[in-house]
Amino acid sequence: MKRAASSLLRTLVRSGKRQSSAVSKIVTALFAAPAAAKPKRKRKPATKVAKAPPRARAVPATPRRTVPSVAMHVPPSPGKWLASHFSAPPGIGTPGRRMSYWLYLPNNPPEDTQRKGLPLLVMLHGCQQTATQFAQGTRMNQWAEQMGYAVLYPQQLVSTHAQRCWKWYDRATQEGGGDVPIIVGMIDKVMTQYAIDRSRIYIAGISAGAGMANIIALNHPHLFAAVGLHSGPVFGAGHNTIGALGVMQHGAALRADAAAHEVMTRHPQFPGMPAILIQGAGDNVVRPINQMQLARQSQLLNRLSTAPKITHKPQGRSGRHNAHQLHDFYEGRKLLLRVAHIADLEHAWSGGDPALAFNAKAGPDASKMMLEFFSRHQRA
């Protein structure tokens with residue numbers, strides 16, 4: 001395996017100079033061994049308001065190999081920023097396993113939202129990110145405040161993966177095991193504690209977080225009204241670290257269609273899963289072939305047979321927005337699949353805070369795009 005990994009690493013680094021460092025970091029992250037478990041400290045069970053971390057400062061474009069436990073500070077939104085954890089009870093994942101999460105609750109949601117309950121968005125970070133870094137880099141809380149969303153940010157344990165990668169390539173996880181029941185249990189906890197509209201629950205992520213978000217949505221299709229995947233790997237392939245690297249670079253070949261059919265076989269009454277897929281044309285870490293195959297899977301899962309409506313968006317003035325294409329797939333007048341392909345974007349959140357790694361300053365703003373797409377969908 002070491003010889004195969006070395007060979008594949010050399011191939012990836014040769015694939016392009018612009019992102020060779022990023023590719024190397026992701027490869028290192030995938031092959032990193034889980035950190036040794038630390039002794040558990042007793043904590044008060046009550047949810048607490050998270051303290052503001054230190055003031056922001058610029059960081060290199062490529063993150064350090066170590067993962068900080070506290071993110072840098074950006075101007076806070078006016079809502080509540082709560083820190084808590086979920087401990088798996090018997091029958092859910094590994095009993096007693098404890099996963100931290102952060103929750104944003106908007107300060108002044110719209111009147112109809114106060115009456116029906118808040119829509120909930122679950123956001124899953126990528127490798128070498130923390131939940132708080134992901135929240136700050138995407139600026140999702142600022143948009144959630146404007147549009148009246150609660151946002152839940154689970155955080156992968158370093159005891160599971162030293163670089164906090166979600167194991168989207170693990171076969172058991174893809175079939176609904178691994179971290180899936182822990183995150184679903186966490187969502188259920190939040191829904192019981194706060195006024196959440198159960199017909200408007202969404203899940204999104206970037207990179208490994210996008211892969212994990214897709215897995216959770218496809219294994220619990222009646223829970224989620226839509227999914228948002230940014231720079232994510234195609235579903236249903238990999239099954240080990242070597243295979244995961246192959247998927248990131250080359251997609252899943254014939255496994256793409258087969259994996260979608262397997263989902264529908266496991267869920268004969270599969271209700272469809274509206275999706276927005278965002279991808280940078282210059283991404284050499286998770287290459288655009290993955291978006292093409294995710295779009296194909298989504299067409300199958302949503303039973304879409306008509307040609308898309310294609311919209312070309314030119315580059316904005318002063319380079320504030322990259323040129324991009326939107327491929328929109330409708331069922332009647334209902335938009336079920338939006339595929340956004342963005343020129344000049346590498347492996348980074350579009351329109352994010354460039355002070356944090358894996359965020360690109362130039363738009364379009366992926367956070368705004370996702371919330372606008374989600375607002376079109378709810379479960380009956």
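Just so it is clear, the model here is predicted, and its values are computed rather than measured.

1. Examining the pairing of strand β3 (residues 98-105)
- Counting buried residues in β3 gives six out of eight residues, a clear majority hidden from the surface.
- Pairing analysis gives four bridges linking β3 to strand β5 (residues 150-154), with the strands arranged antiparallel. Across the sheet, residue Tyr104 finds its bridge partner in β5, namely Val151.

2. Observations regarding the pattern of salt bridges
- Under the definition given, this model contains five salt bridges.
- A salt bridge links Arg200 to Asp197; the shortest N-O distance between them is 2.8 Å. Note on accessibility: Arg200 and Asp197 belong to one class, buried.
- In this structure, Glu262 and Arg255 form a salt bridge, with 2.8 Å as the shortest nitrogen-oxygen distance.
- By relative accessible area, Glu262 is classed as partly exposed at 34%.

3. Remarks on helix α12 (residues 366-374)
- By the criterion of burial, α12 is predominantly enclosed, with seven of the nine residues buried.
- Where α12 begins, one side-chain oxygen reaches toward the backbone nitrogen of Ser367, 3.0 Å away; that side chain belongs to Asp365.

4. Some words on the packing of aromatic side chains
- All told, the structure shown has six aromatic pairs when counted by the stated rule.
- For the pair Phe134 and Trp349, a centre-to-centre distance of 5.6 Å together with 90° between the ring planes defines the contact as edge-to-face. Of the two residues, Phe134 sits in helix α4 (residues 131-138) while Trp349 sits in strand β12 (residues 349-350), which places them 215 residues apart along the sequence.
- According to the relative accessible area criterion, Phe134 is buried, its value standing at 2%.
- You can call Trp349 buried: its relative accessible area is 0%.
- Between the aromatic rings of Trp168 and Tyr169, the centroid separation amounts to 5.6 Å while the plane-to-plane angle is 85°, which identifies the pairing as edge-to-face. With respect to burial, Trp168 and Tyr169 carry one shared label: buried.

5. Description of the environment of Gly211
- Examined against the element boundaries, Gly211 turns out to sit in helix α8 (residues 208-219).
- In this structure the C-alpha to C-alpha distance between Gly211 and Leu124, which are 87 residues apart in sequence, comes to 9.3 Å.
- Those residues within four positions of Gly211 in sequence are excluded, and the remaining contacts are Trp168 and Pro233.

6. Focus: the nonpolar core
- Ranked by internal contacts, the top residues of the largest apolar core, which has 69 residues, are Leu120, Leu124, Leu152, Ile203, Ile216 and Phe224.
- Apart from residues no more than four positions distant in its own chain, Ile203 is found in contact with Leu121, Val122, Leu124, Ala213, Ile216, Ala217, Phe224, Ala226, Val227, Gly228 and Phe374.
- Counting residues in each nonpolar core, the second largest holds 35 residues, with Trp143, Ile278, Leu326 and Met370 among its members.

7. Examining the pairing of strand β10 (residues 324-331)
- Looking at chain direction, strand β9 (residues 309-313) and β10 are connected through five bridges and run antiparallel. Counterpart to Ile310 in the pairing with β10 is His327.
- Relative to strand β11 (residues 334-342), β10 is paired through eight bridges, and the arrangement is antiparallel. The residue of β11 that forms the bridge with Asp328 is Arg338.
- Counting the residues between successive antiparallel strands, the hairpin from β10 to β11 contains two residues, one of them, Gly332, with a positive phi of roughly 65°.

8. Things to note about the side chain of Thr130
- Note on placement: Thr130 falls in the loop between β4 (118-124) and α4.
- For Thr130, a relative accessible area of 0% gives the class buried.
- A polar contact is formed between the side chain of Thr130 and the side chain of Thr132, at a distance of 3.3 Å.

9. Description of the packing of helix α10 (residues 255-266) against helix α11 (residues 289-301)
- Following both chains from N to C, one finds α10 and α11 inclined at 30°, their axes separated by 9 Å at the closest point. Considering the angle they form, α10 stands roughly parallel to α11. Taken as a pair, α10 and α11 cross one another with a handedness that is right-handed. Here Ala256, Asp257, Ala259, Ala260, His261, Val263 and Met264 of α10 come into contact with α11, specifically with Gln293, Arg296, Gln297, Leu300 and Leu301.

10. Remarks on the packing of helix α7 (residues 180-193) against α8
- Interaxial distance between α7 and α8 falls to 10 Å at its minimum, and their mutual angle equals 75°. With respect to α8, the axis of α7 lies roughly perpendicular. Taking contact as the criterion, the partners of Val180, Ile183 and Val184 in α7 are, on α8, Met212, Ile215 and Ile216.
- Here the contact of α7 with α8 is built from residues that sort into six nonpolar, no polar and no charged.

11. Some thoughts on the confidence of the model for the protein
- Per-chain confidence: the protein averages 85 in pLDDT, with 79% of residues scoring 70 or above.
- Below pLDDT 50 for its whole length, residues 1-20 participates in 24 contacts with residues either more than four positions away or in separate chains.
- Considering only residues more than four positions removed or in separate chains, one finds that residues 33-48, a stretch of pLDDT under 50, has 23 contacts.

Cut-off values and rules
Residues numbered from 1 in each chain as written. Predicted model: local features only at pLDDT ≥ 70, side-chain atom pairs only at ≥ 80, totals over all residues. Heavy atoms only, no water. Buried < 20%, exposed > 50% of the residue type's maximum accessible area, 1.4 Å probe, protein only. Helix = DSSP H or I, 4+ residues; strand = E, 2+ residues; numbered from the N terminus. Pairing = 2+ DSSP bridges. Salt bridge = Lys/Arg side-chain N within 4 Å of Asp/Glu carboxyl O. Polar contact = N/O pair within 3.5 Å; in protein donor to acceptor, adjacent residues only side chain to side chain. Phe/Tyr/Trp six-rings, centres within 6.5 Å; stacked < 30°, edge-to-face > 60°. Contact = heavy atoms within 4.5 Å. Core = buried A, V, L, I, M, F, W, Y, C linked by side-chain atoms within 4.5 Å. Axes fitted to C-alpha atoms, helices over the stretch in contact; angles between N-to-C directions. Parallel < 35°, antiparallel > 145°, perpendicular 65-115°, else oblique. Left-handed = near helix turned anticlockwise from the far one by under 90°. Nonpolar A, V, L, I, M, F, W, Y, C, P; charged D, E, K, R; others polar. pLDDT = per-residue confidence, 0-100.

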